[in-house]
Amino acid sequence: MMRKGIVLIILAAMLLASCRMPVESQTETTFDIYSVNTDYFVFDNWSIYMSSVSADSDLDFLLIDYDYYASKQMHLLDFRVCDSNETSKTVYEYYREYYSDCILEESAKWFIAHPRPMYDIDYTCMYYLEDNVVIHGNIEEWSTWSESGDEPEPPGKFLRGDDFKEYIIDNAPRLKQFAMDLVTTQPSEEE
């Protein structure tokens, strides 16, 4: 009788252990953002420069964006490379709080917001947290100026809306790796 009780306790413990909530799949990443040369363009007009969430903030990150006419889907994105997962989560939460009154949709790792239109553009943006990188893109964007003066111009030729959202979600690990490759494998001037 005692053996059955012990076996039942062990089985119950094993069952409870297997029912735990899933562990976050992100791996801790640390990176010295201050060691990156930010003086020039790298790989097809991508620029890298030091930035922060606001002028009075000490939340520094490397901002990577494309500085030419977009010819690929990923050119519509920019990346905030942080020194650790903890910093990137804080940066991500800063933007989430900044846009809190206009969030349309959100998940544990991303949110979509539609802020008030600016002077000449209306947009819906997405922020995605992937390890130590925050991926940002405008998933819808249109000019508030038009040729006729009546209707805004339609979105550009690239994926927009749900298709662009799915592109970011489906490719987040690859996009994060692309950003990390840009900051770690900067070409020399001879290349």
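For the structure itself, consult the block above.
Everything quoted here is computed from the prediction, not taken from an experiment.

Each value, and the rule that gives it
- Residues numbered from 1 in each chain as written.
- Predicted model: local features only at pLDDT ≥ 70, side-chain atom pairs only at ≥ 80, totals over all residues.
- Heavy atoms only, no water.
- Helix = DSSP H or I, 4+ residues; strand = E, 2+ residues; numbered from the N terminus.
- Buried < 20%, exposed > 50% of the residue type's maximum accessible area, 1.4 Å probe, protein only.
- Contact = heavy atoms within 4.5 Å.
- Areas by Shrake-Rupley, 256 points an atom, 1.4 Å probe, with all protein chains shown as cover.
- Expected span 1.5 Å × (residues − 1).
- Bend = angle between axes of the 7 residues up to and from the residue.

Novice: Any details on the overall build of the chain? Residues and values, ideally.
Specialist: The helix and strand inventory of the chain stands at three helices and eight strands. Taken from the N to the C terminus, the helices and strands of the chain come in the order α-β-β-β-β-α-β-β-β-β-α. For the chain, the proportion of its 191 residues judged to be buried stands at 41%. Considering only intrachain contacts with a sequence separation of at least 6, the fraction spanning at least 24 residues in the chain is 51%. By element, 54% of the accessible surface of the chain is carried by carbon and sulfur atoms, the whole surface being about 12100 Å².

Novice: So, helix 3 (residues 162-184): which residues are in play, and what are the values?
Specialist: Taking 1.5 Å per residue as the helical rise, helix 3 with its 23 residues ought to reach 33 Å, and the 32 Å between its terminal C-alpha atoms agrees with that figure. Where helix 3 bends most, the angle comes to about 75 degrees, and this point is Ala-172, followed within four residues by the proline Pro-173. Regarding helix 3, the residues found buried are Phe-164, Lys-165, Tyr-167, Ile-168, Asn-171, Ala-172, Leu-175, Lys-176, Ala-179, Met-180, Leu-182 and Val-183.

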